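Structural description and commentary
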Amino acid sequence: MGREIRIEFQKFHGLGNDFIVADGRGLPRLLPSLARAITSRNTGVGADGFLVVLPPASRAHDARVRFFNADGSEPEMSGNGIRCVGAFLMTKGGTKRSLAIETSAGLKTLRLASSRPGRWIFRVSMGAPILEAPHIPFKAGGGGAPVVDFPLRTSRGPVRATVTSMGNPHCSVFVKSFDAFDWPTVGSELERDRHFPNRTNVEFVRVVSRRRIEVRFWERGVGITQSSGTGSCGAVVASILNGLTGRQVMVETLAGNLQIEWPEGGEVLLTGPAERIAQGVYFYRGSR
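Now for a quick tour of the structure.

**A few points about the overall build of the protein**
The helix and strand tally for the protein stands at four helices and 16 strands. Taking 19 Å as the expected radius of gyration for a compact globule of 288 residues, we find that the protein reaches 18 Å, a close match to that expectation. Dimensions of the protein, computed from C-alpha atoms along their principal axes, come out at roughly 50 × 40 × 35 Å. Burial statistics for the protein: of 288 residues in total, 52% are counted as buried. For the protein, the proportion of contacts with a sequence separation of at least 24, taken over those separated by at least 6, is 62%. Accessible area for the protein stands at about 12600 Å²; split by element, carbon and sulfur atoms hold 47% of it. Computed over 37 positive and 25 negative side-chain charges, the separation of the two mean positions in the protein equals 4 Å.

**Some points on the side chain of E191**
Summarising the element assignment, E191 is placed in helix α3 (residues 183-191). Setting aside chain neighbours within four positions, we find E191 in contact with R199, T200, V202, W218, E219, R220 and G221.

**Some thoughts on the layout of surface pockets**
In this structure, the largest pocket occupies an estimated 260 Å³ of space. In this structure, the largest pocket is lined by 16 residues; those nearest its centre are I7, E8, F9, D23 and K92. For the lining of the largest pocket, the secondary-structure elements that each account for two or more residues are β1 (5-14), β2 (17-23) and β16 (269-284). Ranked by residues supplied to the lining of the largest pocket, first place goes to β1 with six residues. Partitioning the lining of the largest pocket into residue classes produces seven nonpolar, four polar and five charged. Volume-wise, the second largest pocket comes out at about 150 Å³. Looking at the second largest pocket, the residues that line it are D23, R25, V53, L54, P55, P56, D62, A63, F88, L89 and K92. Those elements that provide at least two residues to the lining of the second largest pocket are β3 (49-54) and α2 (79-91). For the lining of the second largest pocket, the class distribution of residues is seven nonpolar, no polar and four charged.

**Quick word on the pattern of salt bridges**
Counted under the stated rule, the structure contains 18 salt bridges. Between R25 and D23 there is a salt bridge, with its nearest N and O atoms 2.7 Å apart. Classification of R25 by relative accessible area gives exposed; the value is 60%. For D23, a relative accessible area of 30% gives the class partly exposed.

**As for α3**
Here α3 has its buried residues at W183, V186, G187, L190 and E191. Axial view of α3: buried residues confined to an arc of 135°, hence all on one face. Check the buried side of α3 and you find it contacts β8 (147-152), β9 (159-165), β10 (169-174), β11 (201-209), β12 (212-219) and β13 (223-225).

**Things to note about the pairing of strand β14 (residues 248-253)**
Where a strand is regular, its side chains alternate between the two sheet faces. Only one face of β14 is covered, namely the face carrying V249, V251 and T253; the face carrying Q248, M250 and E252 is uncovered. Sheet topology note: the β12/β14 ladder contains three bridges and is parallel. Residue pairing across strands places I213 opposite V251, the latter belonging to β14. The pairing of β14 with strand β15 (residues 256-261) spans six bridges and is antiparallel. Considered in β15, the bridge of T253 is made with G256.

**Focus: the environment of E191**
According to the relative accessible area criterion, E191 is buried, its value standing at 2%. Along the backbone, E191 and P146 are 45 residues apart, and their C-alpha atoms lie at a distance of 19 Å. Within polar-contact distance, the side chain of E191 engages the backbone nitrogen of G221 at 3.0 Å.

What counts as what
Residues numbered from 1 in each chain as written. Predicted model: local features only at pLDDT ≥ 70, side-chain atom pairs only at ≥ 80, totals over all residues. Heavy atoms only, no water. Helix = DSSP H or I, 4+ residues; strand = E, 2+ residues; numbered from the N terminus. Rg over C-alpha atoms; globule rule 2.2 N^0.38 Å. Buried < 20%, exposed > 50% of the residue type's maximum accessible area, 1.4 Å probe, protein only. Contact = heavy atoms within 4.5 Å. Areas by Shrake-Rupley, 256 points an atom, 1.4 Å probe, with all protein chains shown as cover. Lys, Arg positive; Asp, Glu negative; His and termini not counted. Charge placed at Lys NZ, Arg CZ, Asp CG, Glu CD. 1 Å grid on protein atoms, 1.4 Å probe; cavity = no way out; pocket = protein on both sides within 12 Å on 5 of 7 lines; lining within 4 Å. Points joined across faces, edges and corners; volume = space filled by probe spheres on them. Nonpolar A, V, L, I, M, F, W, Y, C, P; charged D, E, K, R; others polar. Salt bridge = Lys/Arg side-chain N within 4 Å of Asp/Glu carboxyl O. Arc of directions from axis to C-beta. Pairing = 2+ DSSP bridges. Polar contact = N/O pair within 3.5 Å; in protein donor to acceptor, adjacent residues only side chain to side chain.

So yeah, pure geometry; function would need other evidence.
Below, the structure is given as C-alpha cells:
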C-alpha cells in the first residue's frame, strides 16, 4: 500500500452513464489501478468510468482526455464521457461555446447547445464511422466493407451482426424484443468473441420507425449500462447501413434519448446532455 493521495473530483452522468472526472495533473502514474479503485461501487466513489483531463498537445485545443473503464481498461473514445468532460471544463470557468478536445480516437469538437445550472447539452462531432474490418478491428475472413449481417455464434444461438467503429469497436445486433432475448448473456459473449482482437461494445437494437430506435447496451470493460454515446452512434450507423432508418434518428435508451445524425459522406453528430451530480475528495491508498 502506498501513501494516501487526495484526489479532487466531480461526478457527472450522460443519460445514466456515470463518470468520475478529475484533473490529471498530479495523479498517480498507475491510472488503471486508480480507475478500478475510484469507480468501485462498494469501496470507491462508484461509476461506469473514470475520465482524466490533461493539458492538450496543441495550444489551439482546449484539453486532452484519457478514458478508463471500471475494469481499468482504456477505451479510445466515449460519447457520453466526452460530454461530461465538456461540462467539467465549463465548471472551471469556461465561457467558450465550442470546445476542441483531444482523444485517442482523434480530435473531437463539442458545441454547447444549451445550459442551465448543473446541466449542459452538447452537440458532438464524433467523426466518420470506420467500416473497414481491419481498422475496426474485426477479423472478418477477408470480407469487404461494410460488415453487415455477419454470422456470429453464441450460447443462445447464432446472431447476425453489423460491425463498425466510432474510434472504438461496435457490434450491433437487431432484435424484435428485449424481453424474449437474453441479450446480457449474448452481450458478454460477443464482447470477447474471437473475431474482435480488442474486444467490442455490443448494442441490441429494436427499430421502432424510420426515425426512432430503442437500444440496450453491453459496454466493453463495464457490462450493462443505462446508455452509451458511441454505442448509440454505432447502432444508428448500423441501422442506416441496413436500410432500416433515415439519417436522423432518435435513440431511446433506458435513461433517456439521444439525437444522432449521419449526413451522407459526413461525420456522425451526437446531441445529448451532461449533468453534474456530485463533487468531493477521494482518498487513494495505493493499487487495488
